[in-house]
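What the coordinates show
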Amino acid sequence: MKRLFTLFALAMFAAVPYAHAAEKGEAVVKAAVQKLVPSAKIDMVEKSPIEGYYQVIIGSQLVYVSADGRYVLQGTLYDTQDKVDLTAARMSREHVAKLDAYPESQRIIFAPASKAKYRITVFTDIDCGYCRKMHAHMAEYNERGIQVDYLFFPRSGPGTPSFDKAVSVWCAKDRRAAMTAAKAGKNPDPLTCENPITQEYQLGIAVGVEGTPAVYAEDGSRIGGYLTPDQLQAHLDRIAAARKSGS
Amino acid sequence: MRMLSTLLFASIAGSAMAATPEDVVNAALARLAPQVKVDVAQESVVPGFYEAIVGNQLVYVSKDGRHVFDGTARDASTDRDMTEAVYARKRRAALADVGADKRIVFAPARPRHTVTVFTDIDCQFCRRMHDQIDAYNELGIAVEYVFLPLDIHPGADRKSEAVWCAEDRKLAFTQAMAGADPGKAACENPVAETKRVARSIGIDGTPTTLAADGTKIAPQIALAPAQLLAELDRLAKNPLDSR
């Protein structure tokens with residue numbers, strides 16, 4: 001994003017459009033960002049928590065733009081009173097909508113025997129060491145009432161061995177068994193069939209996955225990275241508690 | 001500023017109604033990260049914010065003290081990175097303390113530009129850079145080296161001192177950069193001081209190239225003489241004090 005700004009900023013407006021009235025702010029900000037990065041698909045322009053600034057969501061990025069369209073802030077905004085990362089919190093709300101929209105039938109689900117207390121979505125890569133380490137804890141996650149929904153994110157991208165392995169696991173008769181075997185280091189029997197791997201990879205990019213494993217809680221926040229069962233449970237308990245207290 | 005996120009859940013300090021930038025900044029950061037020490041708190045060119053320097057990091061604090069922004073502010077009307085400009089001013093001030101008598105200077109007759117390069121004899125990219133010293137000079141770029149021997153290179157300290165203490169410092173430097181061991185020699189030298197200056201402005205890698213105005217040049221640009229010239233020309237057209 002930063003590079004995009006640098007690239008396109010020279011093509012920037014000679015005259016900055018200033019807002020004439022507060023209600024025009026959104027349109028001014030939208031036009032300013034569009035001029036700055038013509039190729040950007042702006043998903044949302046709305047008032048930000050900071051006086052005089054709007055927030056603009058472009059894919060998995062959030063930037064803050066002054067109401068006159070002149071100042072563009074890219075980074076993390078904290079609320080010192082509630083002690084929260086407002087940027088991440090806002091993006092979590094974007095992510096949760098995208099993640100929830102992804103059908104259960106296309107996930108590889110490892111669920112507890114009894115009713116799940118928590119559900120996490122994990123973007124995974126068969127050839128990633130910490131993904132394998134995480135999978136080795138599966139029984140323990142499940143025992144703690146945590147359901148793990150896997151989506152594939154072969155980091156090397158389409159047309160690579162990791163991607164093909166994901167396809168092979170998806171096309172296996174018993175996906176869960178094939179996943180567990182592959183995570184233990186066994187090369188899956190090469191199979192092809194109609195599969196959602198590309199879709200999952202793109203979803204991963206859309207919600208800001210940069211590495212694997214990428215662990216998302218039900219509120220759309222990314223909580224890891226590799227997490228031991230203790231760490232994972234602590235995160236999920238805290239999120240549940242925060243939700244209960246209404247923050 | 002990763003520390004802000006780790007300290008996010010640290011205990012709450014009482015909030016204070018305050019008027020000066022110092023008071024607002026101190027109160028806001030104390031709520032977020034009680035153990036940080038604010039070095040500077042001042043007005044910012046970014047509307048609605050004060051700026052605070054904590055260690056070598058710049059963060060923005062909203063004037064009402066409620067919000068802290070950790071990131072980059074850009075003026076879209078001029079394509080200027082306002083955050084980098086603050087850092088550049090700080091580096092420029094620190095460089096002023098490192099006089100010519102503490103540098104090894106390779107300059108053309110009439111330099112168009114001068115860069116300061118923090119260098120380490122045992123760093124491969126530093127050697128690659130010095131390999132091109134004639135090209136830099138021919139383009140009108142004076143290269144002023146200051147020593148920053150890194151701890152990961154045992155012996156680099158000794159080599160820096162030996163080069164500094166050699167009879168022909170520039171020749172000894174060039175030979176050392178070509179792989180010759182300058183041996184051991186002791187005399188009064190500025191190596192400890194230049195290491196301290198580097199640390200004070202957050203420079204912990206080599207080669208680090210700074211333009212005369214303190215702007216940090218990306219390594220891939222600095223290592224290509226023609227690209228470096230283009231970048232220095234661009235910076236000269238865009239003086240720091242108008243940023």
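Residues numbered from 1 in each chain as written. Chains lettered and ligands numbered in written order. Predicted model: local features only at pLDDT ≥ 70, side-chain atom pairs only at ≥ 80, totals over all residues.

When helices and strands are counted, chain A shows nine helices and 10 strands. Across the 247 residues in chain A, those meeting the buried criterion constitute 33%. Counting only contacts in chain A whose residues sit at least 6 apart along the sequence, the fraction spanning at least 24 positions is 62%. (Helix = DSSP H or I, 4+ residues; strand = E, 2+ residues; numbered from the N terminus. Buried ≥ 20, exposed ≤ 12 C-beta atoms within 10 Å, placed from the backbone. Contact = placed C-beta atoms within 7 Å.)

With 28 residues of chain A at the contact, the number on the chain B side is 25 residues. Of all elements in the fold, only α1 (2-9), α2 (25-36) and β4 (71-79) of chain A reach the threshold of two or more residues within the side of chain A that touches chain B. Here the side of chain A that touches chain B gets nine residues from one element, more than from any other, and that element is β4 of chain A. Partitioning the side of chain A that touches chain B into residue classes produces 14 nonpolar, eight polar and six charged. Across nine bridges, β4 of chain A lies against strand β4 (residues 67-75) of chain B in antiparallel orientation. Across the sheet, the residue bridging to Leu77 of chain A is Phe69 of chain B, located in β4 of chain B. (Nonpolar A, V, L, I, M, F, W, Y, C, P; charged D, E, K, R; others polar. Pairing = 2+ DSSP bridges.)

As a further point, take the sheet that holds strand β10 (residues 222-224) of chain A. Residue and element names in this part refer to chain A. What the five strands build is an open sheet, ordered β6-β8-β7-β9-β10; its pairing is mixed. Edge positions in the open sheet fall to β6 (108-110) and β10, since each of these has one partner strand only. On average, adjacent strands in this sheet sit at an angle of 30° to one another, irrespective of strand direction. Relative to β10, strand β9 (residues 214-216) runs antiparallel, the two sharing two bridges. Counted as the bridge partner of Tyr216 is Arg222 from β10. (Axes fitted to C-alpha atoms, helices over the stretch in contact; angles between N-to-C directions.)

It is worth spelling out the packing of helix α6 (residues 161-171) of chain A against helix α7 (residues 175-183) of chain A at this point. All names here are of chain A. Packing of α6 against α7 leaves a shortest axis separation of 7 Å and a crossing angle of 145°. Contact residues: α6 offers Lys165, Val169 and Trp170, while α7 offers Arg175, Ala178, Met179 and Ala182. Tallied by class, residues from the contact of α6 with α7 come to five nonpolar, no polar and two charged.

In this model, Thr212 of chain A is joined to Pro213 of chain A through a cis peptide bond whose omega is -5°. Mapped onto the secondary structure, Pro213 of chain A falls in the loop between α8 (197-206) and β9. Here the residue pair Thr206 of chain B and Pro207 of chain B is connected by a cis peptide bond, since its omega of -15° sits within 30 degrees of zero. Position of Pro207 of chain B among the secondary structure elements: in the loop between α8 (191-200) and β9 (208-211). The backbone of Lys83 of chain A sits at a positive phi, close to 55°, despite the residue not being glycine. A count of 18 C-beta atoms within 10 Å places Lys83 of chain A in the partly exposed class.

Residues and elements named next belong to chain B. Where helix α6 (residues 156-165) contacts helix α7 (residues 169-177), the axes come no closer than 7 Å and their chain directions differ by 145°. Side by side, α6 and α7 meet where Lys159, Val163 and Trp164 of the first sit next to Arg169, Ala172, Phe173 and Ala176 of the second. Residue composition of the contact of α6 with α7, grouped by class: five nonpolar, no polar and two charged.

Bringing the pairing of β4 of chain A into the picture now. Residue and element names in this part refer to chain A. Relative to β4, strand β3 (residues 61-66) runs antiparallel, the two being bridged by two bridges. Bridge pairing in β4 links Val65 to Val72. Hairpin connection from β4 to strand β5 (residues 84-85): four residues lie between these consecutive antiparallel strands, with Lys83 at a positive phi of about 55°.

Moving on to the confidence of the model for chain A. Residues of chain A with pLDDT of at least 70 account for 90%, and the chain-wide mean is 89. Ranking the elements of chain A by mean pLDDT puts α1 of chain A last, at 40, and strand β8 (residues 146-152) of chain A first, at 98. (pLDDT = per-residue confidence, 0-100.)

Residue and element names in this part refer to chain B. The predicted model of chain B has a mean per-residue pLDDT of 89, with 91% of residues at 70 or higher. The element-level mean pLDDT for chain B is lowest in helix α1 (residues 2-6), coming to 47, with strand β8 (residues 141-147) highest at 98. Taken as a whole, residues 5-18 scores under 50 in pLDDT and shows 22 contacts with residues more than four places along the chain or in a different chain.

A few words on the nonpolar core. Core analysis: the biggest nonpolar cluster contains 46 residues, and Val29 and Val65 of chain A together with Val61 of chain B have the highest contact counts within it. Beyond its immediate sequence surroundings of up to four residues, Val61 of chain B is in contact with Val24, Val25, Ala28, Phe49, Tyr50, Ala52 and Val68 of chain B. With 34 residues, the next largest nonpolar core counts Ile104, Phe173, Ala198 and Leu228 of chain B among its residues. (Core = buried A, V, L, I, M, F, W, Y, C linked by C-beta atoms within 7 Å.)

Moving on, we come to the environment of Pro112 of chain A. All names here are of chain A. Within the fold, Pro112 resides in the loop between β6 and β7 (118-124). Overall, the presence of 18 C-beta atoms within 10 Å leaves Pro112 in the partly exposed class. Along the sequence, Pro112 and Gly145 sit 33 residues apart, while their C-alpha atoms lie 5.7 Å from each other. Ignoring anything within four residues of it in the chain, the contact list for Pro112 reads Asn142, Gly145 and Gln147.

Attention now goes to the pairing of strand β2 (residues 49-54) of chain B. Residue and element names in this part refer to chain B. Across the six residues that make up β2, a large majority, five, are buried. Where strand β1 (residues 38-43) and β2 come together, five bridges link them in antiparallel fashion. Counterpart to Val38 in the pairing with β2 is Val54. Where β1 hands over to β2, the hairpin turn is made up of five residues, of which Gly48 adopts a positive phi near 90°. The antiparallel pairing of β2 with strand β3 (residues 57-62) creates a hairpin that spans two residues between the two strands, and Gly55 there sits at a positive phi of about 65°.

As a further point, take the sheet that holds strand β7 (residues 113-119) of chain B. Residues and elements named next belong to chain B. Read from one edge to the other, the open sheet built from five strands follows the order β6-β8-β7-β9-β10, with strand pairing classed as mixed. Of all strands in the sheet, those bounded by a partner on one side alone are β6 (104-106) and β10 (216-217). By the bridge criterion, two bridges tie β9 to β10 in an arrangement that is antiparallel. Counted as the bridge partner of Leu210 is Lys216 from β10.

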